[in-house]
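Residues per chain, in single letters:
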Amino acid sequence: MPPAPVARLASPAARPAPRLLRRLAVAAAVWLAATALFGQTVDRKVIILDPGHGGDDNGARSAAGTFEKDVNLMLAKALRKELSQDSQLQVLLTREGDQRLALEERAIHVNRLRADLFFSIHCAHSPQESAAGFLVYYFQPDADQTDTYHYLKAPLGGRELRVLPWNLAQFQWVPASKEMAGILQRRLNEFYSRSSGAPMGGPLKLLATVNCPAVLLEAGHLSNPADEQRLDDAGHQDALARVLRQAVAEFLKASEPIRETP
Amino acid sequence: MNRKVLLIALAVTLVLSLAGVWILYRQERAKQAADRQEAQEAAAEAMAPAATPDDVTQGELRVKLYFRAPAQSAGTLALLTPEVRMIPQSIRKEYLIRRILEALLAGPAKGGGRTIPKGTLVRQVFITNNLAVIDFSREISVRHPGGVLGEMATVYSIVNSVVDNVPGVDGVRILVDGSERSTLAGHLALDRSFGAAPQFIAGATGRDALIQEENLE
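Computed from a prediction, not measured in an experiment: that's the story for all the values here.

The rules behind the values
Residues numbered from 1 in each chain as written. Chains lettered and ligands numbered in written order. Predicted model: local features only at pLDDT ≥ 70, side-chain atom pairs only at ≥ 80, totals over all residues. Heavy atoms only, no water. Helix = DSSP H or I, 4+ residues; strand = E, 2+ residues; numbered from the N terminus. Buried < 20%, exposed > 50% of the residue type's maximum accessible area, 1.4 Å probe, protein only. Contact = heavy atoms within 4.5 Å. Areas by Shrake-Rupley, 256 points an atom, 1.4 Å probe, with all protein chains shown as cover. Pairing = 2+ DSSP bridges. pLDDT = per-residue confidence, 0-100. Patch = residues over 30% accessible without salt bridge, like charges linked within 9 Å, V, L, I, M, F, W, Y side chains within 5 Å. Salt bridge = Lys/Arg side-chain N within 4 Å of Asp/Glu carboxyl O. Lys, Arg positive; Asp, Glu negative; His and termini not counted. Charge placed at Lys NZ, Arg CZ, Asp CG, Glu CD. Core = buried A, V, L, I, M, F, W, Y, C linked by side-chain atoms within 4.5 Å. Axes fitted to C-alpha atoms, helices over the stretch in contact; angles between N-to-C directions.

### As for the overall build of chain A
From N to C terminus, chain A includes 8 helices and 8 strands. Counting over 262 residues, chain A shows a buried share of 44%. Taking all contacts inside chain A whose residues are at least 6 apart in sequence as the whole, residues at least 24 apart take part in 78%. A total accessible area of about 13,500 Å² is found for chain A, and carbon and sulfur atoms account for 57% of it.

### Here we look at the pairing of strand β8 (residues 214-221) of chain A
Regular strands place side chains that alternate from one sheet face to the opposite one. All names here are of chain A. Burial within β8 is extensive, with 8 of its 8 residues counted as buried. In this sheet, β8 lies alongside strand β3 (residues 117-124) in parallel orientation, the contact comprising 6 bridges. Bridging across to β8, I121 finds its partner in L217. Across 3 bridges, strand β4 (residues 135-139) lies against β8 in antiparallel orientation. Its bridge partner lying in β8, V136 is registered against L217.

### Some points on the confidence of the model for chain A
Residues and elements named next belong to chain A. Chain-level statistics for chain A give a pLDDT mean of 83 and a share of 82% at 70 or above. Within chain A, helix α1 (residues 4-14) has the poorest average pLDDT of any element, 45, and strand β1 (residues 45-51) the best, 96. Note that residues 1-13 has pLDDT below 50 and, in this model, 0 contacts with residues that lie over four places away or in other chains. Scored below 50 in pLDDT, residues 257-262 shows 10 contacts in the model against residues more than four places distant or in partner chains.

### Observations regarding a positive patch on the surface
Together, R26, R29, R36 and R143 of chain B line one region of the surface with positive charge. Within the secondary structure, R26 of chain B is located in helix α1 (residues 2-47).

### As for the side chain of Q237 of chain A
All names here are of chain A. You can see Q237 is positioned in helix α8 (residues 234-254). Given the relative accessible area of 7%, Q237 is considered buried. The contacts of Q237, once residues within four sequence positions are left out, are M74, L75, A78, L231 and D232.

### What about the nonpolar core?
Formed by 64 residues in total, the largest nonpolar core has its most connected members in L101, I134 and I158 of chain B. Top element by residues in this core is helix α4 (residues 148-165) of chain B. It accounts for 10 residues. When near neighbours in sequence (up to four residues on either side) are disregarded, L101 of chain B contacts V122, V125, I134, F136, I158 and V162 of chain B. Judged by nonpolar contacts, the second largest core, of 40 residues, contains L89, I121, V136 and L217 of chain A.

### Focus on the sheet that holds strand β5 (residues 171-176) of chain B
Residues and elements named next belong to chain B. With respect to topology, 4 strands assemble into an open sheet ordered β3-β4-β5-β6, the strand pairing being mixed. Because the sheet does not close on itself, it has two edges, and the strands there are β3 (122-128) and β6 (193-195). Across the sheet, the mean angle from the axis of one strand to that of its neighbour is 25 degrees, orientation sign disregarded. Alignment of β5 against β6, held across 3 bridges, turns out to be antiparallel. Looking at the pairing, G171 lines up with G195 of β6. Across the sheet, helix α2 (residues 93-106) is in contact with β3 and β4 (131-136); its angle to β3 comes to roughly 140 degrees. Sheet contacts for α4: β4, β5 and β6; angle to β5, the most-contacted strand, approximately 135 degrees.

### So, the pattern of salt bridges
Under the definition given, this model contains 17 salt bridges over all chains. Two residues, D50 of chain A and R106 of chain A, come together in a salt bridge whose shortest N-O distance is 2.7 Å. Within this pair, whereas D50 of chain A is found in strand β1, its partner R106 of chain A is found in helix α4 (residues 103-112), the two being separated by 56 residues in sequence. In this structure, D177 of chain B engages R123 of chain B in a salt bridge whose closest nitrogen and oxygen atoms are separated by 3.8 Å. Taken together, the residues D177 of chain B in the loop between β5 and β6 and R123 of chain B in strand β3 connect sequence positions 54 residues apart. When its relative accessible area of 30% is taken as the criterion, R123 of chain B is described as partly exposed.

As structure tokens, then:
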């Protein structure tokens, strides 16, 4: 009887420990790396920047022919560049190019990604050329129509089921959004050397459907030549982006306790 | 030589043909515009309150209308400025609302700015459960210059003017061309009813917000 086959068959069983150890070590390394990577991802705050308008929706247009949609995109990209320096932030845009997006599509994007902050960027326009400066908005339910904003209620096995309609998702975030709008207004007041100012609350359709703290900034008036020049200037865009980054950082630092429990 | 002449003749023929098509196109567009204008005027005439037998008036009523605040209000949240008018007092609330809206559509007489775009018509007004439902023609949206502030001024000038002057009406729902619209002109939600918002009226609050005013045409 030839011994060789027995020796070959016995060979793997003769050295099980080193191979198993190697496999275990590799698996452990992969698991540790994945855990570290995943852990870092879940800890990062997701910020969605939304350049307003796009595609055949040009938004406002300046006398010189500048479209609001283009300025909005430039500002959003400048802000993303600034915010991306913070490794704890994951910054995404609702549109990267010149495409039309419905308000609902923007909100779906934000809600699917479970964003920590939604920041819509626009420019103002006025028939009065002298009108100038930035405006900050947040979603504010109508005080006299609060019943519109109540949760839908239904009995469910002896307790009450409360459902918030999707298009009123912002309702639970109003205090946080107002806080963010206030921080933004204060930072921009300082940046532009304004002595006072306050954000405006209103039933803005886009913000109403967003399920996280949300603000809308009109960064300046495209109808005002001085504002237009500033908005188009790369240096000013970067400076503005730095101020906005400070506002975002200040808000995120203090935002956790603000959310109302539904 | 003959080829050159032929080419020139072809080019002239092409240019003349294009010019002819262009002239016909312009004439057709002008005819369509005239027909549309005629239809709008006919519709406005048909919906005029005076033509309706149940619109009974009784003397005059002093109403407070809200228009876009003038430029000197820049720097505050005051979007709207009040203007007192005397209008025929309709017995039925629906007609009273219509008269208030027609006064708003006519624009301010004492400064300030228009809040409803020119050419807008009031198609229908009805009241249900203290809520006035007002159906405007599409011009209120398509001719609106846009912008968040401008849209807020339009909606709240209508809402405040109606709720302040019509007893028993607490809110307003705005329809456009008979349907609910998502937004007025891209920003402000119209899929809900609105109550009066005194915080946007000049003099109603002491808040200084450094908000620069936009005025509608």
